[in-house]
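Structure assessment
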Amino acid sequence: MLRAWSALALIFCAAAIAGAAVQVSRVENAGEDEPELYDVTFTFRYPYADSVYVLGTFNGWELADSSSMVRSGDSWVKTVRLARGDYQYKFRVIDNPPLADDGWMHDRENPQYAVNEFGTFNSLVSAGGLLGAFHNREFASIEDAILKLVEHQSDRREARKLSALYESLVPRVDEETWNRLDEWATASPEFHGVHILRGTFLIDRAWKSRGSGWAYTVADDSWAMFKADLDAARVELEKAYKLEPRDPNSSAYLITVSMGQGSSYEVMDAHFMDAIQASPAHTSAHIRKAQYLYGRWMGRGTQLRDFVREFAEKIRDNPDLFTVALNAHRDLYNYPQRNPEYYRLPGVWDELLLVYGYAFESHPDKDYVYTNFIHDAMRAEPRAQRPVQANRLKIDRVYWAEMNDLAYMLATHPRADHRRGDAAVAIALRVTGIVRLPQTLDTLSAAYAEEGDFASALQVMDEALKMPMADKLRRELAAHAETLRRGEPIREGAARAASPDRQNPGKEKKPSVAPEEGRQVPKEDYDDRIRPSESISNTI
């Protein structure tokens, strides 16, 4: 959890007219053996949107028809049937022109929220889950759940659930919440989890007192409250660690406290080592270490690069670390001033290819992996075409040509260190799933050949050659077919246009659209930040 020192600068201009609400009702089951279900009704007031979606941990944050809300007057409504549990969610507003932050908004009429790893809010809803148990002072049930999760820290999914539980149980910094925590600590003084929760409460209250402004703008009394709460948080978290060192979250939060207290690198690194001893690929601990190695905090570029190299292999076991690695490289790219050549420095692109390779394996259907890969590849490869503004809603349909260009480059580049056959196949399959043209099938064929699958390459090429096309393009594809029949991969050495404009090289290329879309989408400047919508998991 990124606590409040990160200024939440993304303020939506639509805030004044947007509102929301959530209602939960238990479904009457037909029999005692049936699972406990709840109907959760989301309502979002935003009269001017073209469409609105409700996305969250219950649907994998995936934009799909099943997550779309129905207009009701000036509001949008969606009822989702959920199993018992606690969930995080946000709304996605689709409008023209697009809203800030791609239209992502938390539920401003729901006071329960968690701060996600990108410093923005995810709203929380409890469908008979532990949030409700905390509200009703049913502390024993929460203790049982935490202890079970601690026992299974080796399972990445269980470790993520435990981190998410700590993030969500204390959504508000108010007297009522503190009184509940105080009552719980009095009843169970030797339970480590309540001390972690008290520590997170004190961290949040400390930063609430300080505010997010520059240090010189903070009043003396605010500094005093800030220091007192961080000191108290350290006491709580150190006690939690002594009671249960197998829970990595106490050590991860101690990094946060240390950053606020201005502790040395050695102190913070000791807390990091305690965390990963309990859970080697613990996401929150890696996020925090990357933070204190950022140039804008106290680190140096060499330290951050070394750290990314160290945990790159862990991404195979914990794909949640993917965004930690990407954000680390983005920081090195931007700090202390933007370096356009950063992604072309020796070793940088090789490291990113390794990171993306693991991400492609673990998340083959996630748009954010492909969109980020496109932009990083275009920074690293000078031959690649201009950067594109990634439209998260219709990335395949609007930017299929750019994706096809990238896949072709990864399959056919003359330099081996710039080729990546598995990524080329993955991207080309997505493109041909939307637009099956001779040009896109040619790319898929080249990608298969780069992976050594010449049977599939020739099968795809045969399909392409049966399609109508210009004579020049047919000669080019026929030459590629002959190369494949000899058992040789395609080598061209430059990204080539995948759109129909390829048949007219002298014609100025226009923004690409899939034929069925029927309209062009302007390409705007790309923002380097990885959005909450792009995170592999929004539950940490």
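Residues numbered from 1 in each chain as written. Predicted model: local features only at pLDDT ≥ 70, side-chain atom pairs only at ≥ 80, totals over all residues. Heavy atoms only, no water.

1. Quick word on the pairing of strand β5 (residues 75-83)
Quick note on the threshold: Any two strands with at least two DSSP-identified bridges between them are counted as paired. Numbering goes from the N terminus for both helices and strands, where a helix is a DSSP run of H or I of at least four residues and a strand is a run of E of at least two.
Of the strand pairs in this sheet, strand β2 (residues 37-45) and β5 are connected by 9 bridges, and their pairing is antiparallel. Looking at β5, one finds that V40 is bridged to V80. Across 3 bridges, strand β4 (residues 70-72) lies against β5 in antiparallel orientation. Across the sheet, S72 pairs through a bridge with S75, a residue of β5.

2. Some details on the side chain of E244
The condition that has to hold: The classification of residues rests on relative accessible area computed with a 1.4 Å probe and restricted to protein chains. Under 20% of the type maximum is buried, over 50% is exposed, and intermediate values are partly exposed. Throughout, a residue-residue contact means that at least one pair of heavy atoms, one from each residue, lies within 4.5 Å.
Examined against the element boundaries, E244 turns out to sit in the loop between α6 (220-243) and α7 (249-261). The exposure class of E244 is buried, given its relative accessible area of 12%. When near neighbours in sequence (up to four residues on either side) are disregarded, E244 contacts V150 and H192.

3. Notes on helix α16 (residues 421-432)
This is how the line gets drawn: Here the expected span of a helix is defined as 1.5 Å times the quantity of residues minus one.
Helix length check: α16 (12 residues) gives 16 Å between terminal C-alpha atoms against 16 Å at 1.5 Å per residue, within 8%. The buried fraction of α16 is high, at 10 of 12 residues. Buried residues of α16: G421, A423, A424, V425, A426, I427, A428, R430, V431 and T432, and no others.

4. Brief notes about the environment of Y448
Within the secondary structure layout, Y448 lies in helix α17 (residues 438-450). Distance from Y448 to A411, taken between C-alpha atoms, is 8.3 Å for residues 37 residues apart in sequence. The contacts of Y448, once residues within four sequence positions are left out, are V425, L429, D453, S456, A457 and V460.

5. Digging into the side chain of S222
Condition: Any N or O atom pair separated by 3.5 Å or less is treated as a polar contact, with the protein-specific requirement of one donor-capable and one acceptor-capable atom, and with residues adjacent in sequence counted only for side-chain atom pairs.
Here S222 lies in helix α6. Residue classification places S222 among the buried residues on the basis of a relative accessible area of 14%. Looking at S222, its side chain comes within polar contact range of the main-chain oxygen of S209, at 3.5 Å.

6. Observations regarding unusual backbone geometry
Although it is not a glycine, W61 adopts a positive phi angle of roughly 60 degrees. You can see W61 is positioned in the loop between β3 (51-56) and β4. Although it is not a glycine, R137 adopts a positive phi angle of roughly 60 degrees.

7. Topic: the nonpolar core
Defined as follows: The criterion is simple. A nonpolar core is a set of buried Ala, Val, Leu, Ile, Met, Phe, Trp, Tyr and Cys residues joined through side-chain atoms within 4.5 Å.
Ranked by size, the top nonpolar core spans 79 residues in total, and within it F311, I315, F322, Y356, F373, L406 and I427 carry the most contacts. Listed in part, the 37 residues of the second largest apolar core include I142, L149, F191 and L202.

8. A look at the packing of aromatic side chains
Rule in force here: Planes of paired rings set the category: under 30 degrees apart is stacked, over 60 is edge-to-face and the rest tilted, where pairs are Phe, Tyr or Trp rings (Trp by its six-membered ring) whose centres lie within 6.5 Å.
Scanning the model with the defined rule gives 20 aromatic pairs in all. Ring centres of Y89 and F91 lie 5.8 Å apart, and the angle between their planes is 80 degrees; this geometry places the pair in the edge-to-face category. Here Y89 and F91 have matching classes, each one buried. Ring geometry for W178 and F201: centres 5.1 Å apart, planes at 35 degrees, overall tilted.

9. A look at the packing of α7 against helix α9 (residues 283-293)
Each pair of packed helices can be summarised by the angle the axes make with each other and by the distance between the axes. As a reminder, the rule being used: For helices, the fitted line uses only the C-alpha atoms of the stretch in contact; every axis is such a line through C-alpha atoms, and the angle between N-to-C directions lies from 0 to 180 degrees. Small angles under 35 degrees read as roughly parallel and large ones over 145 as roughly antiparallel, with 65 to 115 read as roughly perpendicular and the rest as oblique. Left-handed is the label given to a crossing in which the near helix is rotated counterclockwise from the far helix by less than a right angle, and right-handed is the label when the rotation is clockwise.
It is the contact of α7 with α9, at a shortest axis distance of 8 Å, that shows an interaxial angle of 20 degrees. One finds that α7 runs roughly parallel with respect to α9. In the packing of α7 onto α9, the handedness of the crossing is left-handed. Counting all contacts with α7, which are made through A252, Y253, I255, T256 and M259, the residues of α9 involved are S284, A285, R288, Q291 and Y292.

10. Observations regarding the pattern of salt bridges
Pairing between side chains of opposite charge can happen when their charged atoms approach one another. Basically, it comes down to this: Within this document, salt bridges are pairs made up of a side-chain nitrogen of Lys or Arg and a carboxyl oxygen of Asp or Glu, the two lying within 4 Å of each other.
In this structure the tally under the stated criterion is 24 salt bridges. The salt bridge involving E244 is made with R246; its shortest N-O contact spans 2.9 Å. The exposure class assigned to R246 is partly exposed, which follows from its relative accessible area of 40%. Between R420 and D422 there is a salt bridge, with the nearest N and O atoms lying 2.5 Å from each other. For D422, a relative accessible area of 30% puts it in the partly exposed group. The network of salt bridges with shared partners includes R305, D306, R309 and E351.

11. A few points about the confidence of the model for the chain
For the record, the criterion: Scored between 0 and 100, pLDDT is the confidence that the predictor attaches to each residue.
With 79% of its residues at a pLDDT of 70 or more, the chain shows a mean pLDDT of 78. Per-element averaging of pLDDT across the chain places helix α14 (residues 395-398) at the bottom with 46 and α6 at the top with 96. Counting contacts from residues 1-19, a segment whose pLDDT is below 50, to residues more than four positions away or on other chains yields 54 contacts. Under a pLDDT of 50 for its full length, residues 383-398 has, in the predicted model, 64 contacts with residues more than four places off or in other chains.

12. Overview of α6
Helical geometry: 3.6 residues make up each α-helical turn, so side chains three or four residues apart lie on a common side. Counted at 1.5 Å a residue, the expected span for α6 with its 24 residues is 34 Å, and the 35 Å between its end C-alpha atoms agrees. If you follow the buried residues of α6, they end up packed against α5 (192-210), α7 and α8 (265-278).

13. Things to note about the environment of D39
Relative to the helices and strands, D39 resides in strand β2. For D39, a relative accessible area of 18% corresponds to the buried category. Through-space distance from the C-alpha of D39 to that of R26 is 6.2 Å; in sequence the pair is 13 residues apart. Side chain to side chain, D39 and R81 meet in a polar contact 2.8 Å long.

14. Comments concerning the pairing of β3
The element β3 is extensively covered by neighbouring structure, given that 5 of its 6 residues are classed as buried. Pairing of β3 with strand β6 (residues 85-94) involves 6 bridges; the strand directions are antiparallel. Counted as the bridge partner of L55 is K90 from β6.

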